[in-house]
Amino acid sequence: MELENTAFEFLTREAATKFFAETDFTLKQGRHIQQYGADGKLFDYLYDNYTELSKYYEHLFGVYLRKESNDRAEYFFLDFPEDGHGRFVKDRYKELDARHVIFGILLLNVYKERMFEKKEIKWENLEQTFDESEHRELWQKLLYGEVKRNYTPNEKDEVKRKVEHSLNLFDRLGWISWVDPANLHFEIMPSIDRIAKLYNNEITNVELMSEYI
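In short, a report on the structure. (Residues numbered from 1 in each chain as written. Predicted model: local features only at pLDDT ≥ 70, side-chain atom pairs only at ≥ 80, totals over all residues. Heavy atoms only, no water.)

So, on to the overall build of the chain. A count of helical and extended segments in the chain gives 10 helices and 6 strands. Split into buried and exposed, the 213 residues of the chain put 42% on the buried side. Within the chain, contacts between residues at least 6 apart in sequence are counted, and of these 58% link residues at least 24 apart. (Helix = DSSP H or I, 4+ residues; strand = E, 2+ residues; numbered from the N terminus. Buried < 20%, exposed > 50% of the residue type's maximum accessible area, 1.4 Å probe, protein only. Contact = heavy atoms within 4.5 Å.)

Okay, here's the thing in structure tokens:
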């Protein structure tokens, strides 16, 4: 596909000098950028240059710059063609493993259950979800490996480490934002909705989720 010489003229503007490099690096790391915190300036840059940046990524890298939204906010991310990963090198194209997929789906349920509430979650809230929520057996199978009435302190500590690992990944993806990492206190971001689009079949089929685990 031939492009006019002016196709990437946006790269010569002052805004590109300030924001393009950081925006490009952040997108290529797999992050979902929304108008929140430190990402706000990158979101504004993407919003103002969306059409031109979309052409840039599709032409040079064979990937797609997407702008999607849920009921609360818009977000940007790079999407891959169905048959591959564009012209990205392998270490920049990573799929979620099954455990993280299910954790993300269950976290999405927590997000949606708090329809009119603040989306901040503390470790105590998660523990209550593991023990009392509608999907507690799925949570327990995922995190503990089996459903029991009680778990030992060592088992609970190991689960806390698993949860922290998943949350650190989701923070890098822009699906959550840490409030207090030391105490596993975080906010679920609107872009967690991306899970619903990627794994709709699993979300609507609880038996399939059990098989996934």
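On inspection of all chains with the given rule, the structure shows 1 cavity of 30 Å³ or more. As a volume, the largest cavity reaches approximately 30 Å³. Around the largest cavity sit Leu-106, Asn-109, Val-110, Glu-113, Thr-129, Ser-133, His-135 and Trp-139, which together line it. Broken down by element, the lining of the largest cavity gets its largest block of residues, 4 residues, from helix H4 (residues 98-113). Residue composition of the lining of the largest cavity, by class: 3 nonpolar, 4 polar and 1 charged. (1 Å grid on protein atoms, 1.4 Å probe; cavity = no way out; pocket = protein on both sides within 12 Å on 5 of 7 lines; lining within 4 Å. Points joined across faces, edges and corners; volume = space filled by probe spheres on them. Nonpolar A, V, L, I, M, F, W, Y, C, P; charged D, E, K, R; others polar.)

Attention shifts here to the pairing of strand S2 (residues 64-69). Note: S2 against strand S3 (residues 74-79), 6 bridges, orientation antiparallel. Of the residues in S3, the one forming a bridge with Arg-66 is Phe-77. The hairpin formed by S2 and S3 contains 4 residues between the paired strands. (Pairing = 2+ DSSP bridges.)

On their own, these measurements won't tell you what the molecule is for.
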